[in-house]
Amino acid sequence: MQISKNLPLRLGVGIILLNHENKVFVGRRIDNPKNSWQMPQGGVDQNENFLQAAKRELEEETGIKSVELVKELSGWLGYDLPKNLLGKVL
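Parameters and conventions
- Residues numbered from 1 in each chain as written.
- Predicted model: local features only at pLDDT ≥ 70, side-chain atom pairs only at ≥ 80, totals over all residues.
- Heavy atoms only, no water.
- Helix = DSSP H or I, 4+ residues; strand = E, 2+ residues; numbered from the N terminus.
- Buried < 20%, exposed > 50% of the residue type's maximum accessible area, 1.4 Å probe, protein only.
- Polar contact = N/O pair within 3.5 Å; in protein donor to acceptor, adjacent residues only side chain to side chain.
- Contact = heavy atoms within 4.5 Å.
- Salt bridge = Lys/Arg side-chain N within 4 Å of Asp/Glu carboxyl O.
- 1 Å grid on protein atoms, 1.4 Å probe; cavity = no way out; pocket = protein on both sides within 12 Å on 5 of 7 lines; lining within 4 Å.
- Points joined across faces, edges and corners; volume = space filled by probe spheres on them.
- Nonpolar A, V, L, I, M, F, W, Y, C, P; charged D, E, K, R; others polar.

Before we go on, may I ask you to explain the side chain of Glu57 in this structure?
Along the chain, Glu57 falls in helix H1 (residues 50–62). Residue Glu57 is classed as buried on the basis of its relative accessible area of 7%. Among the polar contacts made by the side chain of Glu57, one reaches the side chain of Arg56 at a distance of 3.0 Å. If sequence neighbours within four positions are ignored, Glu57 has contacts with Val13, Ile15, Gln41, Gly42 and Gly43.

See below:
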């Protein structure tokens, strides 16, 4: 049985991680049976700014602790979630 509840929208951050050769890190998702890949990302916790959240998510998802900020976007990016993912937790 799947139990779901409606959730509020949550602010999120995403990270583009480059190495010294300007190669981009993209990780394979292990929680999806399809061949899905994504860059590190996640939600912003209470009392956390965007950069703190990005560094925390990067460490949680990759183990990487030491990074140098090259650029931070000044605006917002938005996207639409598929209806089967919008506002639900299973």
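Just to check I follow, could you spell out the pattern of salt bridges for this structure?
For the coordinates displayed, the defined rule picks out 6 salt bridges. For Lys23, the salt bridge is made with Glu21, and the minimal N-O distance between the two is 3.4 Å. Given a relative accessible area of 51%, Lys23 falls into the exposed group. Salt-bridge contacts for Glu59 lead to Lys65; the nearest nitrogen and oxygen are separated by 4.0 Å. Judged by relative accessible area, which is 67%, Lys65 ranks as exposed. Salt bridges here are not isolated pairs; linked through shared partners, they connect Asp45, Glu48, Arg56, Glu57 and Glu60.

Which parts of the structure should I look at to understand the layout of surface pockets?
The rolling of a water-molecule-sized probe over the atoms marks out the regions of remaining empty space. By volume, the second largest pocket amounts to about 190 Å³. Forming the walls of the second largest pocket are Phe25, Gly27, Arg28, Arg29, Asp31, Gln38, Met39, Pro40, Gln41, Glu61 and Thr62. Here the residues of the lining of the second largest pocket sort into 3 nonpolar, 4 polar and 4 charged.

What should I look at first to understand unusual backbone geometry in this one?
Residues apart from glycine generally show negative phi values, whereas peptide bonds are mostly found in trans. Backbone geometry places Asn22, a non-glycine residue, at a positive phi of 60°. Along the polypeptide, Asn22 turns up in the loop between strand E1 (12–14) and strand E2 (27–28). On the basis of relative accessible area, Asn22 is assigned to the exposed category, the value being 58%. One non-glycine residue, Asn47, lies in the positive phi region at around 65°. Looking at the secondary structure, you find Asn47 in the loop between strand E4 (41–43) and H1. Assessed through its relative accessible area of 78%, Asn47 is described here as exposed.

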